[in-house]
Amino acid sequence: MGICFELLPDTQLRVICSVQQWDSDEPIPQSELLAGIAGKDGLFCLLSDRIDKEVLDAAGPSLKVISTLSVGYDHLAIPEIKKRGIRVGYTPDILTDATAELTVALLLATSRRLPESVLEVKNGGWTTWKPLWMCGYGLSGSTVGIIGLGRIGLAVARRLKPFGVKRFLYAGCHPKPEADAELNAEFGGPVKWKEAISSSGLEIIPGGSEGAKTNSGSYQSRVRDCDLLSAKADRTEAGTVGFPNWSHSNDIKETNKVMEETDLLLVEEMEELASLPIAKLAEESDFVIVTCSLTPDTQGMCNRDFFSKMKKTSVFINTSRGAVVNQDDLYEALVNGHIAAAGLDVTTPEPLPTNNPLLSLKNCVILPHIGSATYATRNTMSVLAANNLLAGLKGESMPSELRL
Ligand code: NDP
Ligand code: DGY
């Protein structure tokens, strides 16, 4: 759905809106969106509408505000939007409870095998009470790892604590001392290397230690030869070459210091370092829950390497965005018993084709992106998104504006 707004000054100098609406629950075809958005001032969109450069070009310079009926904004080409000075409204907070509730429901349904059990009752598979039949995994005494302890992640953790969870681990970009204290949670370290590298202006040389070339073009043998396990930031002729000591990779101060002092990075090592904090979370958690936003850093983060580190008895839950997970790798992990089960509210693509191999697995529970789907939440989201749009069109502060 896309609703385009056009501002029309009337005779009393009030502002009235002319609204052009795609009046269907089905997504607006791209050709309709491109034609309809031309010359409009505002756009009301859904997470299924990809607002990319082509759409922004089609809109032209009149477009001042985009309001999305979602808290996630990975469907919006943010750098392009920012470049054009377009404001963005979104719907944080008001959907946190509903989404956290659904995440817990999905976790319990997956770990206690509810869909499979219901099916057994219906198809006659329930013959008698058997000691190990339909057994799953419980939360009591468990370790829960949360990737992205933001609004929803924290709300999930708060709901899970009374189930008797012993320990929470989390990964993200910032440690959260208040959550640490409230939940007895442990920060696994920053997972934001790609963003940090690209915003730092550092020179990035592909090829890692083999191709460690300095700014002047000469190879820096000292870097190539050094022992990664013990290396600290090291000054070179071309600048400073650095990477955190692996044994300190969970120390955000140390990694930040290295980032600040570094002029040249060895990409292979950085890629490996990037996976370290979530590796600990993968290895030690009985339940891994993904509630982070989809960014270049998190895209494909849960991959073969990640699943291979998880316990064979652990359960993986994703209610963030499908693209955070490499689904082929997840399928392999589920089929080969590297992990016990997975519950997904989000997939790639959406809808997931009915012949997708994941749908053939008993130990994979898939929902159709219903995290925020309560009547009350969707109503509140709609009102907030409409108010965001109107405020943006009037040049006023929005109830929930995304800081670009
Ligand atoms: P927040 O912005 O509060 O939380 C996002 C979290 O992602 C933050 O904790 C952030 O870490 C973390 N994060 C960002 N980059 C990384 C990274 N590289 N590695 C690990 N963690 C990272 O958003 P919400 O909690 O409100 O929503 C989260 C996401 O949930 C949305 O973006 C949306 O995609 C999805 N969602 C899905 C719904 C559904 O229906 N299934 C419903 C609603 C939302 P830090 O705090 O350290 O910066
Ligand atoms: C969001 O808001 O990002 C969800 O995916 C849908 O509510």
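In what follows, the structure referred to is the one given above.
All of these numbers come straight from a predicted model, not from anything done at the bench.

## Things to note about the overall build of the protein chain
A count of helices and strands for the protein chain gives 15 helices and 16 strands. Put simply, the protein chain has 404 residues, and 47% of those count as buried. Across the protein chain, every contact between residues at least 6 apart in sequence was considered, and the portion connecting residues at least 24 apart equals 60%.

## Observations concerning the environment of A376
When you line up the elements, A376 lands in helix α15 (residues 375–393). The class for A376 is exposed, based on a relative accessible area of 53%. In this structure the C-alpha to C-alpha distance between A376 and L95, which are 281 residues apart in sequence, comes to 9.5 Å.

## A closer look at the packing of helix α4 (residues 96–111) against helix α6 (residues 151–160)
At a closest axis distance of 8 Å, the pairing of α4 and α6 adopts a crossing angle of 55 degrees. With respect to each other, α4 and α6 are oriented oblique. Our pair here, α4 against α6, has a crossing hand that is right-handed. Contacts between α4 and α6 involve T96, D97, T99, A100, E101, T103, V104 and L107 from the first element and R151, I152, A155, V156, R159 and L160 from the second. Across the contact of α4 with α6, the residue classes break down as 7 nonpolar, 3 polar and 4 charged.

## So, unusual backbone geometry
The omega angle of the peptide bond from T348 to P349 is -5 degrees, so this bond is cis rather than trans. Note on placement: P349 falls in the loop between β15 (341–344) and β16 (364–366). Of note, the bond from E350 into P351 is cis; its omega dihedral lies within 30 degrees of zero at -5 degrees. On the secondary structure map, P351 appears in the loop between β15 and β16. Within the chain, M134 stands out as a residue other than glycine whose phi angle is a positive 60 degrees. Its location among the elements puts M134 in the loop between α5 (114–123) and β6 (143–147). Owing to a relative accessible area of 16%, M134 belongs among the buried residues under this scheme. Although it is not a glycine, N184 adopts a positive phi angle of roughly 55 degrees. Within the fold, N184 resides in the loop between α7 (177–183) and β8 (185–190). N184 sits in the exposed class, given a relative accessible area of 51%.

## Some thoughts on the site of ligand 2
Lining the immediate environment of ligand 2, one finds L47, S70, V71, G72, L95, R321, H369, S372 and M381. A distance of 2.7 Å separates an oxygen atom of ligand 2 from a polar side-chain atom of R321. Relative to its free-state accessible area of 230 Å², ligand 2 is covered by the protein chains to the extent of 89%. Across the shell around ligand 2, the residue classes break down as 4 nonpolar, 4 polar and 1 charged.

## What to know about the packing of aromatic side chains
Under the definition given, this model contains 5 aromatic pairs. Ring plane angle 80 degrees and centroid distance 6.1 Å describe the contact between Y73 and Y90, whose orientation is recorded as edge-to-face. Taken together, the positions of Y73 in the loop between β4 (65–68) and α3 (78–83) and Y90 in the loop between β5 (87–89) and α4 put the pair 17 residues apart, joining distant regions of the chain. Residue Y73 is classed as partly exposed on the basis of its relative accessible area of 34%. Here the aromatic rings of Y170 and F187 are separated by 5.3 Å at their centres, their planes lie at 45 degrees, and the arrangement is tilted.

## What to know about the nonpolar core
Of all hydrophobic cores here, the largest spans 60 residues; its most connected members are L43, I51, I66, V144, L160 and F168. In terms of residue count, α6 provides more of this core than any other element does, 6 residues in total. Listed in part, the 27 residues of the second largest apolar core include A282, C292, C302 and L344.

## What about the side chain of T96?
Tracing the backbone shows T96 in helix α4. Classification of T96 as buried rests on a relative accessible area of 9%.

## Details of α6
Working note: α-helix, 3.6 residues per turn, so residues spaced by three or four point in the same direction. For α6, a buried count of 7 out of 10 residues is recorded, marking the element as mostly surrounded by other parts of the structure. For α6, the full list of buried residues reads I152, G153, L154, A155, V156, A157 and L160.

## A look at the pattern of salt bridges
Across all of its chains, the model carries 17 salt bridges by this definition. In this structure, the salt-bridge partner of K53 is D57, at a minimum N-O distance of 3.0 Å. Of this pair, K53 and D57 both sit in helix α2 (residues 53–59), 4 residues apart, which is roughly one turn of the helix. When its relative accessible area of 42% is taken as the criterion, K53 is described as partly exposed. Take D57: its relative accessible area is 41%, and that puts it in the partly exposed class. Residue D97 is joined to R159 by a salt bridge in which the shortest nitrogen-to-oxygen separation is 3.1 Å. With a gap of 62 residues between them, D97 in helix α4 and R159 in helix α6 connect regions that are remote in the sequence. Among the residues examined, D97 registers a relative accessible area of 48% and is labelled partly exposed.

Cut-offs and rules
Residues numbered from 1 in each chain as written. Chains lettered and ligands numbered in written order. Predicted model: local features only at pLDDT ≥ 70, side-chain atom pairs only at ≥ 80, totals over all residues. Heavy atoms only, no water. Helix = DSSP H or I, 4+ residues; strand = E, 2+ residues; numbered from the N terminus. Buried < 20%, exposed > 50% of the residue type's maximum accessible area, 1.4 Å probe, protein only. Contact = heavy atoms within 4.5 Å. Axes fitted to C-alpha atoms, helices over the stretch in contact; angles between N-to-C directions. Parallel < 35°, antiparallel > 145°, perpendicular 65-115°, else oblique. Left-handed = near helix turned anticlockwise from the far one by under 90°. Nonpolar A, V, L, I, M, F, W, Y, C, P; charged D, E, K, R; others polar. Near = heavy atom within 4 Å. Polar contact = N/O pair within 3.5 Å; in protein donor to acceptor, adjacent residues only side chain to side chain. Areas by Shrake-Rupley, 256 points an atom, 1.4 Å probe, with all protein chains shown as cover. Phe/Tyr/Trp six-rings, centres within 6.5 Å; stacked < 30°, edge-to-face > 60°. Core = buried A, V, L, I, M, F, W, Y, C linked by side-chain atoms within 4.5 Å. Salt bridge = Lys/Arg side-chain N within 4 Å of Asp/Glu carboxyl O.

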